[in-house]
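Okay, here's what each chain looks like letter by letter:
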Amino acid sequence: MLTLLGSSAPYCDGLSRRSFLQIGSLAVGGLSLPQLIAAEDAAGTGSRKHSVIMVYLTGGLSHQDTFDLKPEAPDGIRGEFTPIDSNVPGIQVGNLLPKTAQLMDKIAVIRSIVGLRDEHSSFQNVAGFPKGESERDGHPSFGSIISHEVGSTDGVTPAFVDLFPTMRHRPYNSPGSGVLGPTHAGIKADGEDLASMKLRYIEGGRFDNRQKLLASLDDYRRQVDNEQLSGVDSNYERAFSVLTSSKLVDALDVENEDPRLRERYGKGSAKHLGDGAPMWNDQLLAARRLVEAGVRCVTVAYGFWDTHGNNFGHLKKHLPLFDTGVSALVQDIYDRGLDQDVSVVVWGEFGRTPKINDKAGRDHWARVSHALLSGGNMPTGQVIGSTDKIAGEAQSRPVHYQDVLATLYHNLGIDPHRFIRRAGGATVPILPGSARIISELT
């Protein structure tokens, strides 16, 4: 955090010069206010309101037990769950997903995701490249690309808010902003400390007399070296607008939501599962509130699905909350008329093995996986692709995981094949030329 030192004498409202300047350069979850203002200048304030919520399922959710059941497969493969009909004729899902089943007209399921590597990390889903390649070449995260390419919607709300908590398995954590640098890093609302976004150490009344504070800062600026104030000089009034705006803080405060809607989401818990993410459904609600407030991209890490043992017991315990939260998010997007402008994607880093192991678990399976997409003016109520009789290989319409990201970028008006310039003049592509927009979703 940039702190400009000076006298601690109080202003007329009780704030000292030093504390005001500290507030003016507050690092909101790792992104300082000067960086936020610089990001607005660099990317511009976009006129389109399109945005995206990405829900990343740490550990890889079993597709055979959720959205691609194989009831005719032999023992040792088909599992304990049975398919149930959805509200779209011909589409079935697992019996632990009854709420989602009744919203399949608002969801597109891709059953044939390919191209993934067997690695426990968020990089493929969130940056579009495997971890090693992402780190070597500096590929930015999905949200950082969005921040760079389309910027903020209104100059007050940030382009990218990252709701990923800090997880014990480090590769599950956010990939970062890569070659784009800290200017386009997500505002980090860490799962354990959402209250930090509320500027809780500052009493609201202290910001009431804005003009007096600005006049006091003008007086202070005349007393110090101009170079010392380079971070706040021309932008301080805009920065103060950001600080005094309640949009971001209010959006994160789900306690302000209608209690009935919050109950419909299911609150979940901030407690982490395994070395992955919590099932904190309040974050799904916060994500909807953030995009409604104008945030372009919100990323959420959700649950822990690395079920090498006790796969069916784990899913019996946790899928009902998943069903509640994901169905509530989808329904809420449509109820609020956001479905034309807000895309939702729910997916993990790979699928699980067709064969059930000797611990009643399913192991890693990168050959095929699945994804759920909703909103974004996409045609829904459809299944894209299929797998073979044991859900082990893509049988029809294989969809590369980078195609999913290309489609989401397309929904935001971003050319997925554009190159981003890095320091020294070299460039990296947003996605390789082989990535294709999914025609069934346009």
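Just above sits the structure.
Residues numbered from 1 in each chain as written. Predicted model: local features only at pLDDT ≥ 70, side-chain atom pairs only at ≥ 80, totals over all residues. Heavy atoms only, no water.

K.L.:
Can you explain the environment of Ile53? Please cite residues and give values.
P.N.:
If you trace the backbone, Ile53 turns up in strand β3 (residues 51–58). Residue class for Ile53 comes out buried when judged on its relative accessible area of 0%. In the structure, Ile53 is positioned 247 residues away from Val300 in sequence and 7.6 Å away in space, judged by C-alpha atoms. (Helix = DSSP H or I, 4+ residues; strand = E, 2+ residues; numbered from the N terminus. Buried < 20%, exposed > 50% of the residue type's maximum accessible area, 1.4 Å probe, protein only.)

K.L.:
Describe the pattern of salt bridges, naming the residues involved and giving the relevant values.
P.N.:
Under the counting rule described, the total for this entry stands at 24 salt bridges. Linking Lys267 and Glu263 is a salt bridge whose minimum nitrogen-to-oxygen distance equals 3.5 Å. Given a relative accessible area of 37%, Lys267 falls into the partly exposed group. Residue Asp332 pairs with Arg288 through a salt bridge whose shortest N-O separation is 2.8 Å. Pair noted here: Asp332 is in helix α12 (residues 311–335) and Arg288 is in helix α11 (residues 281–292), with a separation of 44 residues, a long-range link. We note that Asp332, like Arg288, is buried. (Salt bridge = Lys/Arg side-chain N within 4 Å of Asp/Glu carboxyl O.)

K.L.:
An account of the packing of α11 against α12 is requested, with residue identities and associated values reported.
P.N.:
Their axes nearest at 10 Å, the elements α11 and α12 cross at an angle of 10°. On the basis of the axis angle, α11 is roughly parallel to α12. Of α12, the residues touching α11 (which contributes Asn281, Leu284, Leu285 and Arg288) are Leu321, Thr324, Gly325, Val326, Leu329, Asp332 and Ile333. (Axes fitted to C-alpha atoms, helices over the stretch in contact; angles between N-to-C directions. Parallel < 35°, antiparallel > 145°, perpendicular 65-115°, else oblique. Contact = heavy atoms within 4.5 Å.)

K.L.:
Let's hear about the packing of aromatic side chains: which residues, and what values?
P.N.:
Overall, the coordinates contain five aromatic pairs when judged by the stated rule. Seen in terms of ring centroids, Trp305 and Phe322 are 5.9 Å apart; in terms of plane orientation they differ by 80°. Their pairing is edge-to-face. Taken together, the positions of Trp305 in the loop between β9 (297–304) and α12 and Phe322 in helix α12 put the pair 17 residues apart, joining distant regions of the chain. The class for Trp305 is buried, based on a relative accessible area of 0%. The exposure class of Phe322 is buried, given its relative accessible area of 1%. Through a chain of ring-to-ring contacts, three or more aromatic side chains come together here, namely Tyr302, Trp305 and Phe322. Over the face of the ring belonging to Tyr334 we find Lys106, whose NZ or CZ atom lies 5.7 Å from the ring centre. (Phe/Tyr/Trp six-rings, centres within 6.5 Å; stacked < 30°, edge-to-face > 60°. Lys NZ or Arg CZ within 6 Å of the ring centre and 35° of its normal.)

These figures capture arrangement, not role.
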